[in-house]
Structure formats: structure tokens, C-alpha cells
Amino acid sequence: MDGGDRGMASRLVVAAQRRPLQAMIACAGLVMLGGLATGYGGPAPEPPLSEHVVEKVVRSAVLEEMATLRAEQTRSGATGYPPVKRLSQTRKLRILVTGGAGFVGSNLVDKLMREGHEVTVLDNLFTGRKRNIEHWFNHPNFQFIQGDVVEPILLEVDQIYHLACPASPPHYQYNPIKTIKTSTEGTLNMLGLAKRVKARILLASTSEIYGDPEVHPQPESYWGHVNTIGPRACYDEGKRVAETMMYAYQRQGSVEVRVARIFNTFGRRMHPNDGRVVSNFIIQALQDKAMTLYGDGSQTRSFQFVDDLVDGLYKLMNSNYSLPVNLGNPDEYTVADFAETIKRLTKSKSQIVKLPANQDDPKQRKPDISVAKAHIGWQPSWSVSRGLAETIAYFERELADAGGVIVPTGPKAAKPRPRSGN
């Protein structure tokens, strides 16, 4: 017996020990083949099977068994992937996540994969990063497509989470026409796909549709106060039109739709150069650089940790509620107080510096989450301080990967800068 035969024999023994029933079936098949090959068991009108044919049958059985074992190991996390649930084919869904390599999208992908579903990510990597999803590469339940939602795509899916669109002001203002196209043409393409394959679609809308609100806190019934020609309008109005499209397809095309109005979110996998208040404050504080505050600091924001948002998106998608739902943490801070909180948590020596306010920057922002509580059974469970502790640890790793220096993005329009380990 040569080395290859010994290796095969060893794998067969291991397979038989782990799956004795399948091994007995395979052995019975081989005995039958052997009987046919030698003429045992009665007349054999066909010529005997050659040793080559029998060898191919054995090898095929071994490979199939090895593939089965690897799939089981993959699901349990033994092959290096995070462990995933084992779902029956009737419960396993085929799910498309647009923008799935981004900050929120990649965290959502983690949840969907762990739940045992088949997930396809579509992302053009403008603000998303491969490193956010690389831990799922080559997993049998995962597929990554580098592409753009403004181009039609043909897939067979059961659910669509439509998250694709830059969400930080410097990034969406860098190419405002493309931002509008992403929210309009991209949403039309996803709705067309949902209609064709009868998939349920969830739109990641935004609290920005409320503009600079005159109602506080903001309920879903509030229509907003938006400057339609200002620098933020490409994003604000794009999302408002996207919501209109969703409900037009629901009424005219009987498409199942869900709309999440997302408030300020922070957490792991934020881009260090996205120019948002959380990332800028933490990056500046960790480097003991001036923490830049735009305006007098009296404007308010409500911050939720990304895990809460992901849970909210998942619950909304799988609920029976189809009207817009606010997803945010009602815990409200002035931006000045928030800067002081981050300075304290990071033990920073930074000075807080006030600069001129940004145009159309909302004076207050706080969600009314009564609808989320009543209709999808959701409310945030992470405190801001607990979420900040994890986010600060994440940015410490990012800073180390970048060699100890990251220059935050200012308020002006800017293209996302590559980061280490892209």
C-alpha cells in the first residue's frame, strides 16, 4: 500500500468513526460492487467492473464524506469561521445586503451569517472595506460581489437589506450627484429586483429626512424641515425620495417593504476618516490632538451602538409592520457634553476647540421610539458609555494599524481615504 492509499484508508477510518451509519451504507455498496465485479450473487450478464471503476467509486465516497465533515466543522466554527446556526432548507433564507462591506452593513452581515442564512454582499467599496467582511470569505453561505446598485443585478433572493449609500456628510457631499443616483436609481433597481423575485426589502433611511426639526423628539409622523437646495440635500432628499419609491412599489406592485429611519450610530468598523462626530472626537482624543467642535456645542444628538441598530433592522425586517420606524437611542447629549465624555473615557490631554458651525447642521436630534417598542418589540440595550468603551478599543487598534497617526476628516466634502488592511 503506497502513501496515497494509506492516507485514504486513514480518512475512511476517521469518517467511519464519526458517521458509522453512512460508513455501513458505503461498505454495503462496496460489497455489492465487489460481488458484481467477481460474478457473486447470480448470473452477471454485464462484464465485471474494473478495479479502476471501483477505485473511482471509493474516492468519490471519501471526497463526499470529507466535504460533509468540513461543512459541519465550518458551521461549528472549527475551521476558523465564526460559528453559525444550522437551519433547515425551509428556514434558511437567501439574503442580499447592499453596502454590506460598510460600517453598519458588515455588522448586519455578521448577525445574518450567525443566524445560518445565505448572505450575498453587494458593495462598490467607496466607503466599505473588504477587511470588514473578510472573515467570511470562502464560507459556503457567503458571497461577495463588488458592484454598484446603480447598475441592475439579477439574483434570486428572499430578502434585501438596502443599505448602500455614503452616510457621513463629508463623504456624501464629495459626489452629490452620485449620492442622489444611489438613493434613487439604486433604490429603483433594488425594488425592481424585489418585485421580480417576490422578496421583502428593507430601506435604510435616515433621521436626516427630518432635517433641522421643529418638533422634538421626532416621531415618524413628523414630515420634516429640510433645505432642499443646501449641501446636505443630496442625502436628505435622496432618502426622502427613496421612501416615496418604497411605498409606490408597495401600493402599485404589491412589494413587501420595510423602512428604518436610522439615528446617529457608532461602534466597531466605523471608518476613521468618515468625519462623524464620534470617530473624529475619539481619534483626536487618542492622539491628544485638539478636539474640534463645530458651533457652540449646544446642538444635541442621540447616539446608539451598532449592535442595537442591527437588532432593530433584523426585527423590523421580520416583523409584520410596514410603515417607517425610528431606530435610535433617546439618550440625548449636547455635542459639547459628548466631547467631554470622550475626553474623560480616553484619559486624553486634548483641548476642545470650537470652530464655526456647519451649514444646515440640525440644532437637535432625538428619536421618539414608541412605534419601535409597540410594533417590533425593540429598544436599545447598550448604554452609550458601554458602547463608547468598545468603540474606543476598536479605534485604538485602528490607530496602531495606521502607525499611530490618523488625520480626521473635517466638515468639507472629502473622498474616503484608504486605511491599513483595506
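All figures in this text were calculated on a predicted structure; none of them were measured in a lab.

## Some points on the packing of aromatic side chains
Tallied over the entire structure, the rule returns 11 aromatic pairs. By the ring-pair criterion, three or more aromatic residues cluster together here, those being Phe 137, Phe 142 and Phe 144. Sitting over the ring of Tyr 314, Lys 111 keeps its end group 4.8 Å from the ring centre. One cation-aromatic arrangement involves Arg 386 over Trp 382; the distance from NZ or CZ to the ring centre is 3.6 Å.

## Quick word on helix 7 (residues 233-253)
Compared with the 30 Å implied by 1.5 Å per residue over 21 residues, the 28 Å span of helix 7 between its first and last C-alpha is a close match. Every buried residue of helix 7 is listed here: Ala 233, Cys 234, Tyr 235, Asp 236, Gly 238, Lys 239, Ala 242, Glu 243, Met 245, Met 246 and Tyr 247. On its buried side, helix 7 packs onto helix 5 (169-174), helix 6 (176-197), strand 5 (200-206) and strand 6 (257-262). Among the residues trailing helix 7, Ser 254 stands out with phi positive, at a value near 60 degrees.

## With respect to the confidence of the model for the chain
For residues with low pLDDT, the predicted coordinates do not support detailed interpretation. Scored by pLDDT, the chain comes out at a mean of 86, with 79% of its residues at no less than 70. Within the model, pLDDT remains below 50 along residues 36-41, and this stretch shows 5 contacts once partners closer than five positions in the same chain are excluded.

## Some thoughts on the pattern of salt bridges
Inspection of every chain in the model, using the stated rule, returns 20 salt bridges. Between Lys 178 and Asp 148 there is a salt bridge whose closest N-O contact spans 2.7 Å. Highlighted residues: Lys 178 in helix 6 and Asp 148 in the loop between strand 3 (142-146) and strand 4 (159-162), separated in sequence by 30 residues. When the shortest N-O distance is used, the salt bridge between Glu 208 and Arg 232 registers 3.1 Å. One end of the pair, Glu 208, is in the loop between strand 5 and helix 7; the other, Arg 232, is in the loop between strand 5 and helix 7, and 24 residues separate them in sequence. Each member of the pair, Glu 208 together with Arg 232, is buried. Salt bridges sharing common partners tie together Glu 208, Arg 232, Arg 301, Asp 361 and Arg 365.

## Here's the deal with the environment of Gln 89
Structurally, Gln 89 is set in the loop between helix 3 (51-76) and strand 1 (94-98). Residue Gln 89 is classed as exposed on the basis of its relative accessible area, which comes to 62%. In the structure, Gln 89 is positioned 28 residues away from His 117 in sequence and 9.6 Å away in space, judged by C-alpha atoms.

## Quick word on the nonpolar core
If you look at the biggest cluster of nonpolar residues, it comprises 62 residues, and the most contacted ones within it are Tyr 161, Leu 313 and Phe 338. The biggest single contributor to this core is helix 9 (residues 306-317), with 7 residues. Grouped together as the second largest cluster of nonpolar side chains are 23 residues, Val 157, Leu 191, Ala 199 and Met 245 included.

## Regarding the state of the cysteines
For the structure shown, the criterion picks out 0 disulfides. Cysteine Cys 165 remains unbridged, with the sulfur of Cys 234 as its closest cysteine sulfur at 8.0 Å. Overall, the relative accessible area of 15% leaves Cys 165 in the buried class.

## A word on unusual backbone geometry
Pro 217 follows His 216 through a cis peptide bond whose omega is -10 degrees. For Pro 217, the location among the structural elements is in the loop between strand 5 and helix 7. One non-glycine residue with positive phi stands out, namely Lys 198, at about 60 degrees. Phi at Lys 347 is positive, roughly 55 degrees, even though this residue is not glycine. By the element assignment, Lys 347 lies in the loop between helix 10 (335-346) and strand 13 (352-355).

## Concerning the packing of helix 4 (residues 103-114) against helix 9
Helix-helix packing is characterised by the crossing angle of the two axes and by the distance between the axes. Between helix 4 and helix 9, whose axes approach to 9 Å, the crossing angle comes to 60 degrees. As for how helix 4 packs across helix 9, the hand of that crossing is right-handed. Touching Phe 103, Val 104, Asn 107, Leu 108, Lys 111 and Leu 112 of helix 4 are Val 306, Asp 307, Leu 309, Val 310, Asp 311, Leu 313 and Tyr 314, all from helix 9. Looking at the contact of helix 4 with helix 9 residue by residue, the classes come out as 9 nonpolar, 1 polar and 3 charged.

## As for the sheet that holds strand 2 (residues 118-123)
Pairing is parallel in the open sheet, where 7 strands are placed in the order 3-2-1-4-5-6-11. In this open sheet, the two strands that pair with only one neighbour each are strand 3 and strand 11 (325-327). With direction set aside, neighbouring strand axes in the sheet form an average angle of 20 degrees. Across the sheet, helix 9 touches strand 4, strand 5, strand 6 and strand 11, and the angle it forms with strand 6 is around 160 degrees.

## Examining the side chain of Ser 207
Here Ser 207 shows up in the loop between strand 5 and helix 7. When neighbours within four sequence positions are excluded, Ser 207 is seen to be in contact with Arg 261, Ile 262, Phe 263 and Arg 365.

## Examining the packing of helix 8 (residues 277-286) against helix 12 (residues 384-401)
The interhelical angle for the contact between helix 8 and helix 12, taken along N-to-C directions, is 60 degrees, at an axis separation of 10 Å. Considering their axes alone, helix 8 and helix 12 lie oblique with respect to each other. Relative to helix 12, the crossing made by helix 8 is right-handed. Contact residues: Val 278, Ser 279, Ile 282, Ile 283 and Leu 286 in helix 8; Leu 388, Thr 391, Ile 392, Phe 395, Glu 396 and Leu 399 in helix 12. When the residues that make up the contact of helix 8 with helix 12 are grouped by side-chain class, the tally is 8 nonpolar, 2 polar and 1 charged.

Quick notes on the rules
Residues numbered from 1 in each chain as written. Predicted model: local features only at pLDDT ≥ 70, side-chain atom pairs only at ≥ 80, totals over all residues. Heavy atoms only, no water. Phe/Tyr/Trp six-rings, centres within 6.5 Å; stacked < 30°, edge-to-face > 60°. Lys NZ or Arg CZ within 6 Å of the ring centre and 35° of its normal. Helix = DSSP H or I, 4+ residues; strand = E, 2+ residues; numbered from the N terminus. Expected span 1.5 Å × (residues − 1). Buried < 20%, exposed > 50% of the residue type's maximum accessible area, 1.4 Å probe, protein only. Contact = heavy atoms within 4.5 Å. pLDDT = per-residue confidence, 0-100. Salt bridge = Lys/Arg side-chain N within 4 Å of Asp/Glu carboxyl O. Core = buried A, V, L, I, M, F, W, Y, C linked by side-chain atoms within 4.5 Å. Disulfide = S-S within 2.5 Å. Axes fitted to C-alpha atoms, helices over the stretch in contact; angles between N-to-C directions. Left-handed = near helix turned anticlockwise from the far one by under 90°. Nonpolar A, V, L, I, M, F, W, Y, C, P; charged D, E, K, R; others polar. Pairing = 2+ DSSP bridges. Parallel < 35°, antiparallel > 145°, perpendicular 65-115°, else oblique.

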